[in-house]
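Chain by chain, the residues:
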Amino acid sequence: MSRARRLHVPGGTYYVVQHGNVRQPLFAQPDDYGLFQKLLISTLSQTHSRILAYCWAPLALHLVAQIQDVPIGILMQRLTHLFARSMHKR
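Residues numbered from 1 in each chain as written. Predicted model: local features only at pLDDT ≥ 70, side-chain atom pairs only at ≥ 80, totals over all residues. Heavy atoms only, no water.

A. Fine view of helix α1 (residues 30–47). Taking 1.5 Å per residue as the helical rise, α1 with its 18 residues ought to reach 26 Å, and the 27 Å between its terminal C-alpha atoms agrees with that figure. Of the residues making up α1, those classed as buried are Asp32, Phe36, Leu39, Leu40, Thr43, Leu44 and Thr47. Looking down the long axis of α1, one finds its buried residues gathered within 135 degrees of arc, a one-sided arrangement. Relative to its buried face, α1 has exposed residues pointing more than 90 degrees away, namely Pro30, Asp31, Lys38, Ile41 and Ser45. Taken together, the buried residues of α1 touch β2 (50–56), β3 (60–66) and α2 (72–89). Following α1 by one or two positions, His48 has its phi on the positive side, about 55 degrees. (Helix = DSSP H or I, 4+ residues; strand = E, 2+ residues; numbered from the N terminus. Expected span 1.5 Å × (residues − 1). Buried < 20%, exposed > 50% of the residue type's maximum accessible area, 1.4 Å probe, protein only. Arc of directions from axis to C-beta. Contact = heavy atoms within 4.5 Å.)

B. Expanded view of the nonpolar core. Membership of the largest hydrophobic core comes to 18 residues, with the highest contact counts inside it found for Phe27, Phe36, Trp56, Leu61, Ile72 and Met76. Counting only elements with at least two residues in this core, the list comes to β1 (13–19), α1, β3 and α2. In terms of residue count, the dominant contributor to this core is α2 (5 residues). When neighbours within four sequence positions are excluded, Phe27 is seen to be in contact with Asp32, Tyr33, Phe36, Trp56, Ala57, Pro58, Leu61 and Phe83. (Core = buried A, V, L, I, M, F, W, Y, C linked by side-chain atoms within 4.5 Å.)

C. Up close: the sheet that holds β1. Read across the open sheet, the 3 strands follow the order β1-β3-β2; overall the sheet is antiparallel. Two strands in the sheet have a free side with no partner beyond their single neighbour: β1 and β2. Strand-to-strand twist across the sheet, computed as the mean angle between neighbouring axes with direction ignored, equals 15 degrees. Pairing between β1 and β3: 7 bridges, direction antiparallel. Among the inter-strand pairings, Gln18 is bridged to a residue of β3, identified as Leu61. (Pairing = 2+ DSSP bridges. Axes fitted to C-alpha atoms, helices over the stretch in contact; angles between N-to-C directions.)

D. Local environment of the side chain of Thr47. Structurally, Thr47 can be placed in helix α1. Side chain to side chain, Thr47 and Ser49 meet in a polar contact 3.1 Å long. The residues contacting Thr47, other than those within four sequence positions of it, are Gln68, Val70, Leu75 and Arg78. (Polar contact = N/O pair within 3.5 Å; in protein donor to acceptor, adjacent residues only side chain to side chain.)

E. Broad picture of the packing of aromatic side chains. One pass over the full model with this rule turns up 7 aromatic pairs. Centre to centre, the rings of Phe27 and Tyr33 are 4.4 Å apart; their planes meet at 25 degrees, and the pair counts as stacked. Relative accessible area serves as the criterion here: at 4%, Phe27 is assigned to the buried category. One aromatic cluster is present, formed by Phe27, Tyr33, Phe36, Tyr54, Trp56 and Phe83 through successive ring pairs. (Phe/Tyr/Trp six-rings, centres within 6.5 Å; stacked < 30°, edge-to-face > 60°.)

F. Representation of unusual backbone geometry. Positive phi, normally seen in glycine, also occurs at Val22, with a value near 50 degrees. Secondary-structure assignment places Val22 in the loop between β1 and α1.

Shown next, in the form of structure tokens:
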């Protein structure tokens, strides 16, 4: 059985936690933080969303995001997909 869909509230505020796979660090090198920030800014402008608070630790990232028309799941999927592709290229 699949997980129930998240409630999407345009203009809503969401708390998101993203962990690495099998306890692997999300940010292995100092440059990873800058790359993630660049991708985050691009994704936020595309989705007309904004970040209210954040904490980026090596093993997890925490975001408080205010979204508009694009659901939070799609925003995070775009962001993490772009970041993962960049990590795999390296």
